[in-house]
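# Structural features, examined
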Amino acid sequence: MAGTTQPISPEVAAATSALADLQLQTSASTSPQNASASASATTGSEPGTTAPTSNIGTCCISSTTTATTSTTASGGGSDIGGAQRVTSDSGFSLCVTAERGSVAYNSQDDVIVMASVTAPSVIASAENRPSRPPVDVVAVVDKSGSMRGDKLQLVGESLKFMIQQLKSEDQFCIVTYDTAVSVALSLRHMDASGKRVATDIIGKIKAGSCTNLSGGLFQGLTQLQGRTGGAEVASVLLFTDGLANSGLTKSAEIIPALATPLSLIKGQTTIFTFGFGADHDPVLLRDIANAGHGMYYYIENTEKIPGSFADCIGGLLSVCAQNISLVFEAVNGTVISQLMTNYTSDFKPTVSSVSLGDIYIEESRDILAMVHLPQVDTVQERMEIVNIQLTLYNIAAGRNETLSTPLCVSRTESTPTGQPINAAIDLQRNRILTTDALRRANETAKGGDLASAKNILQAAITQVTSSITHTDPLSILLLEDLRECMSELDSREDYNSKGSKKMVWMSDCHSKQRCCGKSAYVTSSKADMIRRSSQPSSAPTCEKVPSREPPPSTTASTVASTSNSASPPVLGRMLVIGNEHTDVPASEATLSVAFPDKRLTHKWKLYVRGDQVEDIVEKVEVELHPSFQPSHIIVSTAPFEVERCGWGFFAIPMVIHFKPAFSRPPLHYDHQLDFGAPDTHQEVRI
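Bear in mind the structure is a predicted one, so any value in this text is a computation, not a measurement.

Let us look at the overall build of the protein. The helix and strand tally for the protein stands at 13 helices and 30 strands. Accessible area of the protein: about 26100 Å², with a carbon and sulfur share of 51%.

Below is the structure:
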């Protein structure tokens with residue numbers, strides 16, 4: 001049964017206020033990444049932060065992992081002063097850390113602790129189970145009169161793209177609604193015949209009258225009830241461009257009514273809502289999505305419809321675990337005083353739990369809690385302050401898994417001054433502050449006080465900017481979102497049409513650490529799906545070809561930009577620019593330096609190849625992500641390759657210099673690192 005996510009509680013609000021005012025420590029230490037300067041050397045660098053990364057607090061030496069079937073854990077450790085993790089044999093990990101590693105024994109104190117859950121980048125299936133779990137998807141489409149024209153057409157094209165990504169084991173259903181509700185396509189398998197029928201039905205959807213949103217939603221859930229052999233991953237996607245004006249229309253009416261139909265569906269079901277344009281109710285759509293452990297997507301204009309659907313289906317096709325729960329148990333006289341999360345939680349001073357729903361491959365969740373430490377009688381090298389347990393259902397393996405570990409700090413004669421700032425906690429502090437600021441600013445603006453709403457956002461900007469992790473990509477994104485929302489508070493019209501939607505959407509994204517178009521939370525599956533959705537259905541002029549060998553010169557090609565506007569000399573040659581990729585088994589993947597909760601699970605090689613490429617290319621300049629050191633690479637001899645290990649993908653600017661004899665200016669080219677195939681490349685004709 002899907003639960004509901006409650007609005008942020010006064011306790012959580014107080015916690016974020018405390019975080020806003022909290023000076024974690026007064027000094028920081030830098031942990032730079034080390035990477036080989038050789039262009040062909042494999043290193044342990046990856047996209048990440050350049051902020052100081054000292055992690056204080058530790059697991060005690062013991063750690064356990066259990067499951068309904070045999071599974072083991074690796075990790076743990078006994079050194080005070082570093083974040084510690086336990087990892088199951090399937091690659092799920094639990095990393096725990098504390099704000100400070102040492103606290104005076106003869107005084108009471110409050111310490112922030114963090115538990116981080118990370119899904120593996122590769123899932124190994126159990127014997128006789130599919131490599132990707134089947135999914136059942138119900139699309140609930142608004143076909144009211146306001147959907148007429150481009151909106152309904154683009155929704156239709158997006159649905160057609162979606163069904164092309166499904167396998168014969170997957171099932172798809174279409175429910176349409178205006179004043180009336182209709183099941184246009186009953187749940188059926190998406191084999192070749194099913195896809196043809198679904199595509200034909202999508203093309204026949206026509207705009208109608210009013211907006212019976214609740215009727216469409218409840219009918220969509222009904223389609224998932226009583227399934228025989230239904231998939232473990234099931235979801236309802238609800239799209240609308242306007243206010244509900246028929247049937248149940250308010251959150252207070254719809255949300256309680258969702259409990260019964262959700263309880264009648266086998267397994268966990270998610271609900272994703274898509275609100276287009278200026279007229280929909282973002283709070284209603286967010287509340288519906290929260291009730292179904294899903295996400296609300298704000299679609300500002302028609303151009304963003306395909307990408308939003310692609311982002312969602314990319315996530316659904318990469319669900320790797322469900323029913324995820326974190327339990328914090330206070331021990332040795334400590335008290336859990338606050339949980340800093342908007343996820344559904346059961347807060348008690350002695351044992352508190354947080355329900356995280358599902359998780360996609362490569363995703364992480366970071367939960368902060370405030371723990372009150374009592375005065376103790378004597379100095380203790382290691383004092384256990386809280387036990388943290390993670391439980392989840394591994395879909396691919398078909399089993400429940402449990403990871404647990406205690407968290408310890410030292411109780412010393414006095415609290416040491418100058419303890420390094422815990423960068424990981426500082427970064428999540430920024431995320432929580434931003435989430436809370438966006439929520440409070442929206443409530444204030446909704447009440448009519450735009451100036452005070454701006455002040456709330458500006459205060460958050462000041463706090464994030466002054467943090468030690470303000471240069472981290474996540475902090476940069478948080479600042480961008482805060483400033484963008486501030487710009488939508490210049491007038492009541494701007495707020496009503498865009499600002500109110502953006503603040504609800506962005507707050508929800510950052511609260512749940514899930515993408516919805518946010519680069520900080522992007523996964524390979526989502527990025528690949530978005531990229532594919534942006535390609536025209538006709539033969540592309542620039543095609544990425546998954547292959548182990550360069551394609552023949554008769555295939556599609558592209559011309560990259562040169563450093564001047566004049567037509568460069570034509571050499572009649574074809575360059576092949578791309579990257580090879582292999583997955584690193586979870587048992588062999590080492591920890592990231594920049595991101596302690598990530599493992600280096602991808603080995604990749606960037607290359608520039610072609611027929612006798614060494615005769616025409618003098619050198620290749622490559623600009624890697626700043627977390628790679630050195631990030632600026634010059635390869636002066638063939639093979640023109642750069643090999644690295646990491647966990648995420650990013651755009652790689654390149655400059656290809658030709659030999660002087662050809663009198664050709666350098667070629668500037670951006671390659672998008674891709675982990676979707678063993679080899680992905682593009683042809684560039686020069």
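A cis amide bond links A638 to the next residue, P639, at an omega of 0°. Along the polypeptide, P639 turns up in the loop between β26 (632-635) and β27 (640-646). Of note, the phi angle at N323 is positive, near 55°, even though the residue is not glycine. Residue position: N323 is located in strand β14 (residues 319-330). With phi around 55°, N332 is a residue other than glycine that occupies positive phi space.

Tracing the chain through its elements places Q171 in strand β9 (residues 171-177). In terms of polar contacts, Q171 uses its side chain to reach the side chain of D136, at 3.3 Å. The contact partners of Q171, leaving out residues within four places of it in the chain, are V135, D136, V137, L187, R188 and H189.

Here the focus is the nonpolar core. Ranked by internal contacts, the top residues of the largest apolar core, which has 90 residues, are L159, F172, F239, L258, F272, I288 and L457. The element contributing the most residues to this core is helix α9 (residues 450-465), with seven residues. In this structure, V117, I324, L326 and A369 belong to the second largest nonpolar core, which totals 38 residues.

By the definition in use, this model includes 34 salt bridges. With a closest N to O distance of 3.9 Å, K502 and E300 form a salt bridge. A residue pair is termed long-range when its members are at least 10 positions apart, and K502 in helix α11 (residues 492-512) and E300 in the loop between β13 (296-299) and α7 (305-316) qualify at 202 residues. The salt bridge involving R532 is made with D528; its shortest N-O contact spans 2.8 Å. In this pair, R532 and D528 are both assigned in helix α12 (residues 524-533), four residues apart and thus about one turn of the helix distant.

Attention now goes to the packing of helix α8 (residues 423-446) against α9. Angle between the axes and distance between the axes: these two values describe a pair of packed helices. The N-to-C vectors of α8 and α9 enclose an angle of 175°; their axes lie 8 Å apart at closest approach. Taken together, α8 and α9 sit at an angle that is classed as roughly antiparallel. Within the contact between the two elements, α8 uses N430, L433, T434, A437, L438, R440, A441, T444 and A445 and α9 uses L450, S452, A453, I456, L457, A460, Q463 and V464. Per-class residue counts for the contact of α8 with α9 are eleven nonpolar, five polar and one charged.

Basis of the calculations
Residues numbered from 1 in each chain as written. Predicted model: local features only at pLDDT ≥ 70, side-chain atom pairs only at ≥ 80, totals over all residues. Heavy atoms only, no water. Helix = DSSP H or I, 4+ residues; strand = E, 2+ residues; numbered from the N terminus. Areas by Shrake-Rupley, 256 points an atom, 1.4 Å probe, with all protein chains shown as cover. Polar contact = N/O pair within 3.5 Å; in protein donor to acceptor, adjacent residues only side chain to side chain. Contact = heavy atoms within 4.5 Å. Core = buried A, V, L, I, M, F, W, Y, C linked by side-chain atoms within 4.5 Å. Buried < 20%, exposed > 50% of the residue type's maximum accessible area, 1.4 Å probe, protein only. Salt bridge = Lys/Arg side-chain N within 4 Å of Asp/Glu carboxyl O. Axes fitted to C-alpha atoms, helices over the stretch in contact; angles between N-to-C directions. Parallel < 35°, antiparallel > 145°, perpendicular 65-115°, else oblique. Nonpolar A, V, L, I, M, F, W, Y, C, P; charged D, E, K, R; others polar.

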